Amino acid sequence: MSAEVEYKRLYWHSRRGMLELDVLLLPFLEEVYLDLEADDKLRYRKLLECEDQDMFVWFMQRGEPDDPDLKRIVRMILDRVQPR
């Protein structure tokens, strides 16, 4: 699959239909994703497979993923909008 097709697929999957998620995921994809290391790109794809309700809890910081890979990518996305 070409990089352009893959990016468009990721863009489509990053649009969740929940504003709170869209305002985090879409800018991250557009502004950060292409510069990520390969492992972090895989983590982002793994994140997109999660349920919206789970992501909402993680991004509103009412809980965090048990999976260390998901925890890392959630933290990267949150740190981008609210640096510690």
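Residues numbered from 1 in each chain as written. Predicted model: local features only at pLDDT ≥ 70, side-chain atom pairs only at ≥ 80, totals over all residues. Heavy atoms only, no water.

**Student:** Where do I start with the overall build of the protein chain in this structure?
**Tutor:** A tally of regular secondary structure across the protein chain gives five helices and zero strands. When the helices and strands of the protein chain are listed from N to C terminus, the series reads α-α-α-α-α. Whereas a compact globule of 84 residues would reach a radius of gyration of roughly 12 Å, the protein chain reaches 12 Å, a difference of no more than 12%. Taking the principal axes of the C-alpha coordinates as reference, the protein chain spans close to 35 × 25 × 20 Å. (Helix = DSSP H or I, 4+ residues; strand = E, 2+ residues; numbered from the N terminus. Rg over C-alpha atoms; globule rule 2.2 N^0.38 Å.)

**Student:** Just checking my understanding: could you explain the pattern of salt bridges for this structure?
**Tutor:** Think of it this way: side chains of opposite charge can pair up when their charged atoms draw near. Evaluated as defined, the whole model comprises 12 salt bridges. Residues Arg 43 and Asp 69 are paired through a salt bridge, measuring 3.0 Å at the closest nitrogen-oxygen approach. Here Asp 69 lies in helix α5 (residues 68–81) and Arg 43 lies in helix α3 (residues 38–48), a separation of 26 residues in the sequence. Given the relative accessible area of 30%, Asp 69 is considered partly exposed. A salt bridge links Lys 46 to Asp 67; its shortest N-O distance comes to 2.6 Å. Placement of Lys 46 in helix α3 and of Asp 67 in the loop between α4 (52–59) and α5 is noted, with a sequence separation of 21 residues between them. (Salt bridge = Lys/Arg side-chain N within 4 Å of Asp/Glu carboxyl O. Buried < 20%, exposed > 50% of the residue type's maximum accessible area, 1.4 Å probe, protein only.)

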